[in-house]
Protein chains: 6
Amino acid sequence: MSNLNQTFLKEFDQEKIALVGFACDENSSYIRGAAAAPPMIREALFGEASNLWSEHGIDLGHTDTFFDAGDFHFNSPQEALSGIETAVSNLLQHEVPVISLGGDHSITFPIIRAFQKKYPELTILQLDAHPDLYYNFKENPLSNASPFARIMEHQLASRLIQIGIRTMNGHQQQQADRYNVTVIEMKDFQGPTNLNLKTPLYISFDIDVLDPAFAPGVSHHEPGGMSTRQALDIIHALDGANIVGADIVEFNPRRDPTGITAMTAAKILKELSAKIIETKS
Amino acid sequence: MSNLNQTFLKEFDQEKIALVGFACDENSSYIRGAAAAPPMIREALFGEASNLWSEHGIDLGHTDTFFDAGDFHFNSPQEALSGIETAVSNLLQHEVPVISLGGDHSITFPIIRAFQKKYPELTILQLDAHPDLYYNFKENPLSNASPFARIMEHQLASRLIQIGIRTMNGHQQQQADRYNVTVIEMKDFQGPTNLNLKTPLYISFDIDVLDPAFAPGVSHHEPGGMSTRQALDIIHALDGANIVGADIVEFNPRRDPTGITAMTAAKILKELSAKIIETKS
Amino acid sequence: MSNLNQTFLKEFDQEKIALVGFACDENSSYIRGAAAAPPMIREALFGEASNLWSEHGIDLGHTDTFFDAGDFHFNSPQEALSGIETAVSNLLQHEVPVISLGGDHSITFPIIRAFQKKYPELTILQLDAHPDLYYNFKENPLSNASPFARIMEHQLASRLIQIGIRTMNGHQQQQADRYNVTVIEMKDFQGPTNLNLKTPLYISFDIDVLDPAFAPGVSHHEPGGMSTRQALDIIHALDGANIVGADIVEFNPRRDPTGITAMTAAKILKELSAKIIETKS
Amino acid sequence: MSNLNQTFLKEFDQEKIALVGFACDENSSYIRGAAAAPPMIREALFGEASNLWSEHGIDLGHTDTFFDAGDFHFNSPQEALSGIETAVSNLLQHEVPVISLGGDHSITFPIIRAFQKKYPELTILQLDAHPDLYYNFKENPLSNASPFARIMEHQLASRLIQIGIRTMNGHQQQQADRYNVTVIEMKDFQGPTNLNLKTPLYISFDIDVLDPAFAPGVSHHEPGGMSTRQALDIIHALDGANIVGADIVEFNPRRDPTGITAMTAAKILKELSAKIIETKS
Amino acid sequence: MSNLNQTFLKEFDQEKIALVGFACDENSSYIRGAAAAPPMIREALFGEASNLWSEHGIDLGHTDTFFDAGDFHFNSPQEALSGIETAVSNLLQHEVPVISLGGDHSITFPIIRAFQKKYPELTILQLDAHPDLYYNFKENPLSNASPFARIMEHQLASRLIQIGIRTMNGHQQQQADRYNVTVIEMKDFQGPTNLNLKTPLYISFDIDVLDPAFAPGVSHHEPGGMSTRQALDIIHALDGANIVGADIVEFNPRRDPTGITAMTAAKILKELSAKIIETKS
Amino acid sequence: MSNLNQTFLKEFDQEKIALVGFACDENSSYIRGAAAAPPMIREALFGEASNLWSEHGIDLGHTDTFFDAGDFHFNSPQEALSGIETAVSNLLQHEVPVISLGGDHSITFPIIRAFQKKYPELTILQLDAHPDLYYNFKENPLSNASPFARIMEHQLASRLIQIGIRTMNGHQQQQADRYNVTVIEMKDFQGPTNLNLKTPLYISFDIDVLDPAFAPGVSHHEPGGMSTRQALDIIHALDGANIVGADIVEFNPRRDPTGITAMTAAKILKELSAKIIETKS
């Protein structure tokens, strides 16, 4: 694991949200590149081209909004597995929601291991083109095709709701049935509905839930997806929820020649953060 | 016409759908490039980045799904005109639906000539930004602006329904009136409706029916088009139809820097094929 | 100001719409490039890849449709301020609607100064991702973040309606309240509604009202925007309005690698022009 | 011809070089787009990303360096033919070198008609991938494949030297022989040599003389071309020459997604202008 | 193997060069896409944007120049191995040089198996960034990292000369030593020299021998490569050689957004073909 | 400054080279984006598409080659100024060469402050399109246009040699004269020569020394630059030098749609690292 000299440690100081990047893509089943996403998202959100007010009037531009723990690199998938869990656990000790920037979707398994210890009754809302429920894909049980298989078989979440799926196959349908996953496929999606998400809620936002027109910068282009506005509507509709954490994963800067995916990931981060603050206050 | 040595002939063996590519773009009225589409679509569908299950649970990944007749090149528009008709006629002898990958839209005229001999009462459902009903465009009556003028004046189809049109002009409106074409312009499009498509149905899918946001890789960018999801909804709604053939045309790989149009054409091919199998079984 | 020799002056000859380009982007608060837009839009509309019939059957391909006054360059923001106003005033003397092609949004302030003299009771319909109501942004009160602050504080318009906004912040909300601006934010947008736009109407169309998926070629990517079809629906719904002028601004050709934004700006220009002609006749 | 109101005429005031743009590409034999080049080149040279010192220490950032006559649009090839000649003739009356920005290469014929009247013994140095000596190409004798056939058959130049050619065919070789053209093909090019260019010299710089790696933004990609440094070496070596005019043509912004061709055209303009000033003083 | 109906067989008729495409990329060790190359190269060479005269005055635009055998698709690496060998063997029976368009570099092994039967004393000139001499790479001995290991260990060539290499490592250096390969690394390359290539000569041209600036459209970007002009110089210098065959491989259209790699591959094909004709006559 | 929890500190363990990233671009005078470079360079070098052998046979793929200190983010230019100096000073305590990945060129000033304390007689070899010697640019004395003005006026280096410069102006020439800078402008560059670089040597590699054809992914496109091969030749020629540190700066991933600049930066890092190891052993 790469790291920085302890001389530079900044103290956590009552910020409302912890932010952390995991520069991991070694578990990507198809092409790599997502490891470079975190600094691109940060720059899109905090750089000169953006403002920090959400669409519902929350101003994130205060010094006490984000505690940014920086980006983690790891030398192996094994190191990543334990390192991500430890990093998230440490941040959760500050009693703040933790938003993780991927990296590929494989990071969600160790993240949820950390969350489960603090929140044994976790509900996960996954926005994604793919179920990511493979028992084993290309001989890598830790790949980005399997995190929710791992999470559900270890009973790390009480309930899993998937929205935006459009690549369900026979095996993954079996897995969804086995683990009682609520799946709202894209072909049936009609906009946000009352999902009654009252328990501690974790949101796993895979950028490829969006149609490639809106987010070309992903490793897997799966046409027929959501518009960015539809995704924002879902976030805005989470009114009564107690959101304790989130991740934004699978943005791949290598496939984003015009930069619109970076801006879109930053917008999702902004609106998610605002919704977290709104529901806390 | 280019071809392969007869040594390599594979026998048709009870596959459910015949697939064939026509690498033609000499009749393109504006820019060329569509000739290179078939191998890009094949790779997007059958390559490593895809799975072969449709959104309604049909698995196309069986060896008896597709008989792939390969790609045809021609040395002149005249050779193409007869060669395409012959190739499709030969494939139709196997009593399977034939899906053709273009190439530009000019290929649909010789394709329908072949279909008409087998199916004298054909209904054509055309998804397209343009009516393609010009009597004569730039002195080329065989150009990709005129296939449906040729088809209708030769009475090769009983009925033509166009969806997604957004470039109707005076001359083409006259042609549409003359041939009693049902035109659902994009400005009036409200989603799939009961079109009562009971006779043998042929689907001609011009990729430019989609908005250029979803499919930049076309020769003519015509903004204001359908989303990919809207196009999929139309395909999924073809429940009672007897689909006997289809084409997917006008994908131009030269204008597809991020590759999303290739994936979108492949998705259309997958869902169309699944719908064909679903309605046959 | 750059200009051409008076030898080449073409006389205004009863054309129905005056067209003029302002190649200005020195007031862009973020990145430049919009100055190169006018010839790209012209070529997209009048070039070989387009036809000149609108979606509602108006044929713009007559010699008496457009009086094209060419493109203006200026040597300084001050020169632009007076030069744009003079140019538009001169064109308005011909008693025709004037459509201006930007350039960045800063051109709208001097344009409206010219319009106000002729139309003291002007209503402005602004389609935009941003309110552009900053009192002062980066120490430049003439920047493209402030034109509507200038317009409203000088009482150059009776009413301002904004559609598509998705970056409202505290300061701009105060400005909107102060000047009684009607704001339909994107999060609340439900399609065209009866806005009762009866007075002389000016339309300011900022291309970034569209989602970056539909229009990547803008200086500010603000995800969550309108589809091109939704924007066209608004234009088509302006039935009783007396449209006296319009601008199409902020197209930045440097960020449009596939050319779809140029085509989209040209489509907006075509449909706006057709609607003007339709409502005049 | 489009133009501007005479109110805005700026007087010529002892500037050293006249600059003018011709937004023409209707004579392009393959694809269009070059008409949009002039504002892109201007912005690349005079915009924020550039400085105005040449590599040999000439500072072009003085107000008396350029008289910019703006950009001309024309409504037909015929109008362009006479309009370009008139515009250049007018500028030449000020006794300054005139640099024209294309547009496609067809503009060089009317430009040289204007020059020939003032300079009957003109030498032309053409940097180009193509000889552009077709007697007639695609039935358009005014196309961008033929300007030097027209120039030489009308004896508008005493001598024509071509450097960088790599598409010579039989017909064009005959034409080159007939008109005694000195051709240095790219396969034989060894860098600048003593060409003894003493008479009044005109330089016609077709951007496609550069390899597409250095200048992807051209209508015809012809691999195997010059590096930008080799082109600059030729310009820098023109020490004793009396340069009376130049054009920079065939930059096509539609094919320049990263913007490097615009910057390269601007660099050529800068170094050419500096060399003109250097040889005059 | 995909193929065409025997109805369409064209007879070989004294053409001078046989051309065939192998749409294979399943053996690519990194990313796929090269399978779509053959139609892109054909269109770049024979399409409207090109002429068919070589730089040394050979006109390839005669009907008796190329016998085009079309493109072959295969259903598995095993089928490809035998299918490619058979196809090339059949073409070689016509006593003409055979030029194969890849596909990835794995196709060269079965191609050379066919050549070796006809030419037991073959010299191979390989232009490449990589030695492709891995004994076994990622558990696939038939991958595109190993064809020359297979060729040399089966003694299918008498001599192998590699030019342009810039990724030699310890293992591959051992392999090069074992098989007595002449390696001219890019760091030592000084232009074409007398390589004394008198025996029957086969040229294997991997597009990635060029620097990615000249050929971005390859699966492996290896900076520090040749310019296109340097590669052309090598081809032009093959004066006394008896060239009996060639391949052009590893062009990947997915990574070629501006299309310059397609044009460059076409140029290599043109100049190689002209050199073959030149040395035969 | 962002940082990581001290729990994750890895001990320095006799690695030969220290690597550190500085995600800074707030001092960029034109456009931002360079902050996202470090993870892109790391992935290009250590990812699946690369091997770790240098062109001269040094294998960097050993665990004791690099100590990677990760990437640093800062909250303000002031924090960056002290943070970078501290980070580099700490790494230099391990008595290894330190290679820093930018970020923009402003990072070199604080880096050299750290080096100067350890190496009072430092020679700097700067490869760059720009002198970066502005006394003050756009009112920011710490901008990326001024680092070498700061370095020389504080006498942090004994000697500065610049290669590849092609934007020298009057002011910067004065600065170069004042500080006795050796400038080899690109127009005079003839390849590596004996520069007699015997004292401790620091190499500052600005990616824009390369022509934009080879490295489009930089904030400032300055045509007429070096080829990648020429840059590699310079590195390879540093035979007797004692290289104690280096930086690679100004790679801007936002402008690198095909990814070739990332690969080129990685290649420079690889060859520089190998040369360091080679000269140490």
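Caption draft 1: Molecular detail of the overall build of chain A. Counting its secondary structure elements, chain A contains 7 helices and 8 strands. At 17 Å, chain A has a C-alpha radius of gyration in line with the 19 Å of a compact globule built from 281 residues. Dimensions of chain A along its principal axes, counting C-alpha atoms only, are 50 × 40 × 40 Å. Residues classed as buried in chain A amount to 70% of the 281 residues present. For chain A, contacts bridging at least 24 residues in sequence account for 78% of all contacts bridging at least 6. Accessible surface computed for chain A: about 8800 Å², of which carbon and sulfur atoms make up 46%.

Caption draft 2: Seen up close, the sheet that holds strand β1 (residues 17–22) of chain E. Residues and elements named next belong to chain E. The sheet built from 8 strands is open, its strands ordered β2-β1-β3-β8-β7-β4-β5-β6 with parallel pairing. Both edges of this open sheet fall to β2 (66–72) and β6 (182–185), since each of them pairs with a single strand only. Across this sheet, the average inter-strand angle for adjacent strands is 15°, counted without regard to direction. Taken strand by strand, helix α1 (residues 37–46) contacts β1, β2 and β3 (98–101), and its axis lies near 150° from that of β2. Helix α7 (residues 260–280) contacts β1, β2, β3, β7 (200–206) and β8 (242–249) of the sheet and is inclined by roughly 170° relative to β8.

Caption draft 3: Broad picture of the arrangement of the chains. Counting contacts across all 12 pairs of chains that touch, the top pair turns out to be chains A and F. Over all C-alpha pairs, chain C and chain E never come within contact, reaching a minimum spacing of 9 Å. Chain B shows no contact with chain F. Their nearest C-alpha atoms sit 9 Å apart.

Caption draft 4: Spatial organisation of the pattern of salt bridges. The full count for this structure, using the stated rule, is 78 salt bridges over all chains. Of the charged contacts in the structure, one is a salt bridge between Asp188 of chain F and Lys187 of chain F, with a shortest N-O distance of 3.2 Å. For Asp188 of chain F, a relative accessible area of 43% corresponds to the partly exposed category. It is possible to trace a salt-bridge network through shared partners that takes in Glu55, Arg229 and Lys267 of chain A together with Glu222 of chain C.

Caption draft 5: Local environment of the environment of Thr258 of chain C. On the secondary structure map, Thr258 of chain C appears in the loop between β8 (242–249) and α7 (260–280). Along the chain, Thr258 of chain C and Pro216 of chain C lie 42 residues apart, while their C-alpha atoms are 9.3 Å from each other. Excluding residues within four positions of it along the chain, Thr258 of chain C makes contact with Pro216, His221, Arg255 and Pro257 of chain B.

Caption draft 6: Representation of the packing of helix α6 (residues 228–236) of chain D against helix α7 (residues 260–280) of chain D in the model. Residue and element names in this part refer to chain D. Contact geometry for α6 and α7: axes closest at 10 Å, N-to-C directions at 15°. Taken together, the axes of α6 and α7 are roughly parallel relative to one another. Considering how the two elements wind past one another, α6 and α7 form a crossing that is right-handed. Touching Thr228, Ala231, Leu232, Ile235 and His236 of α6 are Thr264, Lys267, Ile268, Glu271, Leu272 and Lys275, all from α7. Its residues assigned to classes, the contact of α6 with α7 shows 5 nonpolar, 3 polar and 3 charged.

Caption draft 7: Representation of the side chain of Asp71 of chain C within the structure. Residue and element names in this part refer to chain C. Considering the arrangement of structural elements, one finds Asp71 in strand β2 (residues 66–72). Look at Asp71 and you get buried, because its relative accessible area is 10%. For Asp71, the side chain forms a polar contact with the side chain of Arg42, separated by 2.8 Å.

Caption draft 8: Spatial organisation of the pairing of strand β7 (residues 200–206) of chain D. All names here are of chain D. Among the 7 residues that make up β7, 6 are buried, leaving the element largely enclosed by the rest of the structure. Pairing geometry for strand β4 (residues 123–127) and β7, over 5 bridges, is parallel. In the strand pairing of β7, Gln126 is matched with Ser204. Examined bridge by bridge, β7 and strand β8 (residues 242–249) share 7 bridges and lie parallel to one another. In the strand pairing of β8, Pro200 is matched with Asn242.

Caption draft 9: Examining the environment of Val181 of chain A more closely. Residue and element names in this part refer to chain A. By the element assignment, Val181 lies in the loop between α5 (170–178) and β6 (182–185). Judged by relative accessible area, Val181 falls into the buried class, the value being 12%. The spacing of Val181 and Phe148 is 33 residues in sequence and 9.9 Å in space, taken between C-alpha atoms.

Caption draft 10: Examining the sheet that holds strand β4 (residues 123–127) of chain F more closely. Residues and elements named next belong to chain F. If you walk across this open sheet you meet the 8 strands as β2-β1-β3-β8-β7-β4-β5-β6, and the pairing is parallel. Two strands in the sheet have a free side with no partner beyond their single neighbour: β2 (66–72) and β6 (182–185). Direction aside, the axes of adjacent strands within the sheet are offset by 15° on average. Running over the sheet, helix α2 (residues 77–92) touches β1 (17–22), β2 and β3 (98–101) and is turned about 170° from β1.

Caption draft 11: Examining helix α1 (residues 37–46) of chain C more closely. With 9 of its 10 residues buried, α1 of chain C lies for the most part within the structure. Among all positions of α1 of chain C, only Ala37, Pro38, Pro39, Met40, Ile41, Arg42, Glu43, Ala44 and Leu45 of chain C are buried. Close packing links the buried residues of α1 of chain C with β1 (17–22), β2, β3 (98–101) and α7 of chain C together with α1 (37–46) of chain D.

Caption draft 12: Here's a closer look at unusual backbone geometry. All names here are of chain D. The omega torsion of the bond from Gly102 to Gly103 falls at 5°, within 30 degrees of zero and hence cis. For Gly103, the position within the fold is in the loop between β3 (98–101) and α3 (108–118). Residue Glu95 is not a glycine yet carries a positive backbone phi of 60°. If you trace the backbone, Glu95 turns up in the loop between α2 (77–92) and β3. Phi at Asp132 is positive, roughly 55°, even though this residue is not glycine.

Caption draft 13: Here's a closer look at the confidence of the model for chain A. Residues at a pLDDT of 70 or more form 95% of chain A, whose mean pLDDT is 90. In the model, residues 1–9 of chain A has pLDDT below 50 throughout and makes 46 contacts with residues more than four positions away in sequence or in other chains.

Caption draft 14: Up close: the pairing of strand β4 (residues 123–127) of chain B. All names here are of chain B. Of all 5 residues in β4, 5 are buried, a share of seventy percent or more. Two elements, β4 and strand β5 (residues 159–165), share 5 bridges in a ladder whose sense is parallel. Of the residues in β5, the one forming a bridge with Leu127 is Ile163. Handedness of the crossover joining β4 and β5 through helix α4 (residues 147–153): right-handed.

Caption draft 15: Molecular detail of the packing of aromatic side chains. Overall, the coordinates contain 42 aromatic pairs over all chains when judged by the stated rule. Judged by centre distance (5.0 Å) and plane angle (70°), the ring pair of Phe115 of chain C and Tyr202 of chain C falls under edge-to-face. Residue Phe115 of chain C is located in helix α3 (residues 108–118), and its partner Tyr202 of chain C is located in strand β7 (residues 200–206); the two are separated by 87 residues in the primary sequence. This pair shows no difference in class: Phe115 of chain C is buried, exactly as Tyr202 of chain C is. An aromatic cluster of three or more residues is present, and its members are Phe22, Phe72 and Phe74 of chain A. Over the aromatic face of Phe109 of chain B sits the side chain of Arg113 of chain B, whose NZ or CZ is 5.0 Å from the ring centroid. The ring of Tyr135 of chain F has Arg150 of chain F lying over it, and the distance from NZ or CZ to the ring centre is 5.5 Å.

The rules behind these values
- Numbers given for residues are sequential positions, taken from 1 along each chain in its written order.
- Chains and ligands are labelled sequentially in the order written, the chains with letters from A and the ligands with numbers from 1.
- With the structure being a predicted model, the display of local features is reserved for residues of pLDDT at least 70 and the display and counting of side-chain atom pairs for 80 or more, all residues being used for whole-chain, interface and lining totals.
- Each side-chain value is derived from all of the structure's non-hydrogen atoms; neither hydrogens nor water enter the calculation.
- Secondary structure elements are defined from DSSP: runs of H or I of at least 4 residues count as helices, runs of E of at least 2 residues count as strands, and each element is numbered from the N terminus.
- To get the radius of gyration, use the C-alpha atoms; to get the globule rule, take the number of residues to the power 0.38 and multiply by 2.2 Å.
- Remark: exposure states derive from per-residue accessible area (1.4 Å probe, protein chains only) relative to the maximum for the residue type, with buried under 20%, exposed over 50%, and partly exposed in between.
- Two residues qualify as a contact provided that any one of their heavy atoms is within 4.5 Å of a heavy atom in the partner residue.
- For the accessible areas, the method is Shrake-Rupley and the probe is 1.4 Å, while residue cover comes only from the protein chains on display.
- In this analysis, strands are considered paired if DSSP registers two or more bridges between them.
- A fitted line through C-alpha atoms serves as each axis, taken over the contacting stretch for helices, and the angle formed by two N-to-C directions is quoted from 0 to 180°.
- We define a salt bridge as a contact between a side-chain nitrogen of Lys or Arg and a carboxyl oxygen of Asp or Glu at a distance within 4 Å.
- Should an angle fall under 35 degrees it is taken as roughly parallel, and over 145 as roughly antiparallel, whereas 65 to 115 is taken as roughly perpendicular and any remaining angle as oblique.
- Should the near helix be turned anticlockwise from the far one by less than a right angle, the crossing is termed left-handed; should it be turned clockwise, right-handed.
- Under this grouping Gly is polar, as are all residues other than the nonpolar Ala, Val, Leu, Ile, Met, Phe, Trp, Tyr, Cys and Pro and the charged Asp, Glu, Lys and Arg.
- For the purposes of these results, a polar contact is taken to be a pair of N or O atoms within 3.5 Å, where, inside protein, one atom must be able to donate a hydrogen and its partner to accept one; residues adjacent in sequence count only when each atom of the pair is a side-chain atom.
- pLDDT: the predictor's confidence for each residue, scored from 0 to 100.
- When the strands point away from the viewer and the connection leading from the first strand across the helix to the second strand turns clockwise, the crossover is called right-handed.
- Each Phe, Tyr or Trp ring, with Trp reduced to its six-membered ring, pairs with another whose centre is within 6.5 Å; inter-plane angles below 30 degrees give stacked pairs, above 60 give edge-to-face pairs, and intermediate values give tilted ones.
- Only when the NZ atom of a Lys or the CZ atom of an Arg is both within 6 Å of the ring centre and within 35 degrees of the ring normal do we say a charge sits over the ring.

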